[in-house]
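Working through the structure, step by step
Here is what each chain is made of, one letter per residue.
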Amino acid sequence: MGADAIQTNGQDPAKLTVVEGIERLRSAVKNYEWGKLGHDSLVARLHEANSGNRVDPAVPHAELWMGTHESGPSHVVKEEELGSGHDGSECMITLKSWVSDNPDVLGPRVVDKWGCDLPFLFKVLSVTKALSIQAHPNKALAEKLHREEPLLYRDANHKPEIALAITPFQALCGFISLKELKEVIANVPEITELVGSKAADQIFTVNEKDGDESIKSIVRLIFTQLMSASNNETKRVIYEMKMRLITETNHRELTEKEKLVLELEKQYPGDVGVISAFFFNYVKLNPGEALYLDADEPHAYIYGDCVECMAASDNVVRAGLTPKHRDVQTLCSMLTYKLGYPEILKGFPLTPYITRYLPPFNEFEVDHCDLPTGKSTIFPAIPGPSVYLVIEGTGKLQTGSSQLLVNRGDVLFVPAHNEIHLTGESDVMKLYRAGVSSRFFQTL
């Protein structure tokens, strides 16, 4: 791989590896059924470049994981040296084991706060089919769920996250406004058929001046009754809705949300998540735009490629658009029911070539670098660890006295206190960096 090409200005490469501490990683891939197939998947192309393994064109490649989480750990790649030379073979240890043996790479503040572990999990997603209607628990709920059902909820951590679009990216995120919700209840009669007019009509008895809690309690009632409807009744009503919308295409142009609902029905026939999509904001991100998702906020990714970063957790509470385990009661009780369109993050310039995305969480931030050939930029040294991913092009990465040539698919672990100098060597080199939030280091 590209990171193998290390120039050391006449010094011993092994010693430089120890001093500089930058490590090349092999990353785990997840073959969830919603992932894009074969080389259509950015995840597949990156995994092939990262691992050297050929891609099966019939297999979905959904997620590339970069971090220490036990459900998909990255591995540190070491060349086995035999005498004065080496045979090019690789031995690998988990990044978590290596970090535990070398805690200084995290920096003292990170170790004090989170122990000998990365506090963030970095991913790439390639989505061709909608993910589940889901939310991630806050810390207290995560601890409770892990304690009570450890096989379903594998860790005790919360999972705030950010999704940064690489390609045009579609998602459902958060509840629509009260005004929009009233229009939905009035124009989608199948919702009233499922939840009953007594519950549905309550939405027309409140307005903005009644206060958030009054509004939220009614939205919670309607949404919970919708998600709790019987399977047989739900399937029947969704079929009626589908036929109504198909018939109405003869008389009018369907709304974007109605078109989406029909597409979701093709993917998940009769699933309650299809009709629940009317309750959520339909968000379309352009490349370079991002969503941040706090705990207890509903969402579902629909289509596209994105970089995702989150607190180091794999806890997901699902209730629709999925063949996996559903925990409807937990999901409906945990949501905040905050209404309105989510904030879209566009980042801010760190240098002319680096954009930083800084969500309001201590565990992580994400940088995106687009670097033309011959141009250089600097990632400043920070008191915590970073993971770098090259998704396109080639470049030269330098820190201290070591210099690495990096290519598409290279994943690098960079310890605390390393300033990184980067020079582009292709038309455009595209790189992402995940690290502990700079806000965390600014607090006492």
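Residues numbered from 1 in each chain as written. Predicted model: local features only at pLDDT ≥ 70, side-chain atom pairs only at ≥ 80, totals over all residues. Heavy atoms only, no water.

Stated formally: UniProt positions are given in the numbering used here, feature names are shortened, and annotations may be inferred rather than shown by experiment.
An unreviewed UniProt entry annotates the protein as Mannose-6-phosphate isomerase of Brassica carinata. Heading Catalytic activity (unreviewed entry) of the UniProt record for the protein holds this comment: "D-mannose 6-phosphate = D-fructose 6-phosphate". In its Sequence similarities (unreviewed entry) section, the UniProt record describing the protein reads: "Belongs to the mannose-6-phosphate isomerase type 1 family."

Topic: unusual backbone geometry
The condition is simple: Under the DSSP-based scheme used, a helix requires at least four consecutive residues in state H or I and a strand at least two consecutive residues in state E, with every element numbered from the N terminus. Relative accessible area decides the class of each residue, using a 1.4 Å probe on protein chains only: under 20% of the type maximum gives buried, over 50% gives exposed, and in between gives partly exposed.
Even without being a glycine, Leu321 presents a positive backbone phi close to 55°. By the secondary structure assignment, Leu321 is in the loop between strand S16 (317-320) and helix H13 (328-334). Taking the relative accessible area as the measure of exposure, Leu321 reaches 1% and is therefore buried.

Some details on the packing of aromatic side chains
This is how it is decided: Centres within 6.5 Å are what make two rings of Phe, Tyr or Trp a pair, Trp counting through its six-membered ring; a difference in plane orientation under 30 degrees is then read as stacked, over 60 as edge-to-face, and the rest as tilted. A ring is scored as having a charge over it whenever the NZ atom of a lysine or the CZ atom of an arginine sits within 6 Å of its centre and within 35 degrees of its normal.
This model, assessed by the stated rule, comprises 14 aromatic pairs. Plain terms: the ring middles of Tyr292 and Phe361 are 5.9 Å apart, the flat faces sit at 80° to each other, and that makes the pair edge-to-face. Residue Tyr292 is located in strand S14 (residues 290-293), and its partner Phe361 is located in the loop between strand S19 (354-357) and strand S20 (365-372); the two are separated by 69 residues in the primary sequence. For Phe361, a relative accessible area of 7% corresponds to the buried category. Arranged with centres 5.2 Å apart and planes meeting at 85°, the rings of Phe379 and Tyr388 form a pair that is edge-to-face. Judged on exposure class, the residue Phe379 and its partner Tyr388 are both buried. Among the aromatic residues, those joined into a cluster by ring pairs are Phe175, Phe223, Phe279, Phe280 and Tyr337. Directly above the ring of Trp65 sits Lys30, whose terminal nitrogen or CZ lies 4.7 Å from the centroid. One cation-aromatic arrangement involves Arg109 over Phe440; the distance from NZ or CZ to the ring centre is 4.6 Å.

Considering the pattern of salt bridges
Counted only if it meets this: The salt bridge definition used is simple: a Lys or Arg side-chain nitrogen within 4 Å of an Asp or Glu carboxyl oxygen.
If you walk through the whole model with that rule in mind, you get 25 salt bridges. Its salt-bridge partner being Arg236, residue Glu193 comes within 3.0 Å of it at the nearest N-O pair. Residue Glu193 is located in helix H7 (residues 189-195), and its partner Arg236 is located in helix H10 (residues 231-248); the two are separated by 43 residues in the primary sequence. Take Glu193: its relative accessible area is 37%, and that puts it in the partly exposed class. One salt-bridge network, held together by shared partners, links Glu190, Arg244, Glu248, Arg252 and Glu258.

Looking at the packing of H10 against helix H11 (residues 256-267)
This is how the line gets drawn: Here an angle of 0 to 180 degrees is reported between the N-to-C directions of two axes, which are lines fitted to C-alpha atoms, with helices fitted over the stretch in contact. Small angles under 35 degrees read as roughly parallel and large ones over 145 as roughly antiparallel, with 65 to 115 read as roughly perpendicular and the rest as oblique. Less than a right angle of anticlockwise turn of the near helix away from the far helix marks a crossing as left-handed, whereas a clockwise turn marks it as right-handed. It only takes one pair of heavy atoms within 4.5 Å for two residues to be counted as in contact. For this classification, Asp, Glu, Lys and Arg are treated as charged, while Ala, Val, Leu, Ile, Met, Phe, Trp, Tyr, Cys and Pro are nonpolar and the rest, including Gly, are polar.
Where H10 meets H11, the axes come as close as 11 Å, and the angle between the chain directions of the two elements is 130°. Taken together, the axes of H10 and H11 are oblique relative to one another. Both H10 and H11 take part in a crossing whose hand is left-handed. For the pair formed by H10 and H11, the contact residues are Ile238, Met241, Lys242 and Leu245 on the first element and Glu258, Val261, Leu262 and Glu265 on the second. Residues belonging to the contact of H10 with H11 are distributed by class as follows: five nonpolar, no polar and three charged.

Thoughts on the environment of Ile391
Its place among the elements puts Ile391 in strand S22 (residues 386-392). Owing to a relative accessible area of 6%, Ile391 belongs among the buried residues under this scheme. Along the chain, Ile391 and Asp410 lie 19 residues apart, while their C-alpha atoms are 7.9 Å from each other. Excluding anything up to four places from it in sequence, Ile391 contacts Leu46, Ile166, Arg408, Lys430 and Tyr432.

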